[in-house]
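Architecture at a glance
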Amino acid sequence: MVAPLALSVLAVAGLLVALGERLTILHVVGMLLIVAVGSNYALFFDRSSASARSGSVPLTLASLLIANIATVLTFGVLASSSVPVLADLGSTVAPGTLLALLLAALLARPAADAAPAAAS
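Rules used throughout
Residues numbered from 1 in each chain as written. Predicted model: local features only at pLDDT ≥ 70, side-chain atom pairs only at ≥ 80, totals over all residues. Heavy atoms only, no water. Helix = DSSP H or I, 4+ residues; strand = E, 2+ residues; numbered from the N terminus. Contact = heavy atoms within 4.5 Å. Areas by Shrake-Rupley, 256 points an atom, 1.4 Å probe, with all protein chains shown as cover. pLDDT = per-residue confidence, 0-100. Axes fitted to C-alpha atoms, helices over the stretch in contact; angles between N-to-C directions. Left-handed = near helix turned anticlockwise from the far one by under 90°. Nonpolar A, V, L, I, M, F, W, Y, C, P; charged D, E, K, R; others polar. Core = buried A, V, L, I, M, F, W, Y, C linked by side-chain atoms within 4.5 Å. Buried < 20%, exposed > 50% of the residue type's maximum accessible area, 1.4 Å probe, protein only. Patch = residues over 30% accessible without salt bridge, like charges linked within 9 Å, V, L, I, M, F, W, Y side chains within 5 Å. Salt bridge = Lys/Arg side-chain N within 4 Å of Asp/Glu carboxyl O.

This part takes up the overall build of the protein. Helix and strand counts for the protein come out as four helices and zero strands. In the protein, the succession of helices and strands from N to C terminus is α-α-α-α. Of all intrachain contacts in the protein linking residues separated by at least 6 positions in sequence, the fraction that spans at least 24 positions is 73%. Put simply, the protein shows about 7200 Å² of open surface, and 74% of that area lies on carbon and sulfur atoms.

So this is what it looks like as structure tokens:
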């Protein structure tokens, strides 16, 4: 559960530093938002892998994708702002939440396919 969050934050911090950005307190706040939103993604993927037999998994995945797209687009607009405060926040959260969703999906535990064995 923690791995997608940590990897997302480290990747975004590394990307910002590699691009020559000086990290500020607003970047740290953005990283906290990545952890907050990404933890929801990780929890949903963990829950969906535990209950893979129910029919609600496709709806859950669709809602996660729609929510993520809205988040990335919203913070992407903020990243293009001429106001430095908004640009710093947007440039941190937009890629971080996208990475958090992708990594939560990739690192989710596979569903248990085998039914419990009957006692002999």
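Confidence in the prediction for the protein averages 86 pLDDT; 84% of positions are at 70 or higher. At the low end of the mean pLDDT range in the protein sits helix α2 (residues 25–50), at 87; at the high end sits helix α1 (residues 2–18), at 95.

The subject of this paragraph is the packing of α1 against helix α4 (residues 84–106). Orientation of α1 relative to α4, taken along the N-to-C sense of each, is 140 degrees, at an axis distance of 8 Å. Two packed elements cross with a definite hand, and for α1 against α4 that hand is right-handed. Residues Pro4, Leu7, Ser8, Ala11, Val12 and Leu16 of α1 pack against Ser91, Thr92, Pro95, Gly96, Leu99, Ala100, Leu103 and Ala104 of α4. For the contact of α1 with α4, the class distribution of residues is ten nonpolar, four polar and no charged.

Of all hydrophobic cores here, the largest spans seven residues; its members are Tyr41, Ala42, Phe45, Leu64, Ala100, Leu101 and Ala104. Of all the secondary structure elements, the ones that give two or more residues to this core are α2 and α4. Filtering out sequence-adjacent residues up to four positions away, Ala100 remains in contact with Pro4, Ser8, Gly38 and Tyr41. Counting six residues, the second largest nonpolar core, distinct from the first, contains Val12, Ala13, Met31 and Ile34.

Quick look at the side chain of Thr97 now. Note that Thr97 resides in helix α4. Residue Thr97 is classed as buried on the basis of its relative accessible area of 0%.

Another point: the environment of Phe44. Looking at the secondary structure, you find Phe44 in helix α2. Taking relative accessible area as the criterion, Phe44 reaches 33% and is therefore assigned partly exposed. Expressed as a C-alpha distance, the spacing of Phe44 and Ala104, which sit 60 residues apart in the sequence, is 9.0 Å.

We now examine a nonpolar patch on the surface. Taken together, Ile25, Val28, Val29, Leu32 and Leu33 make up a surface patch of nonpolar side chains, about 430 Å² in accessible area. In this fold, Leu33 is placed in helix α2.

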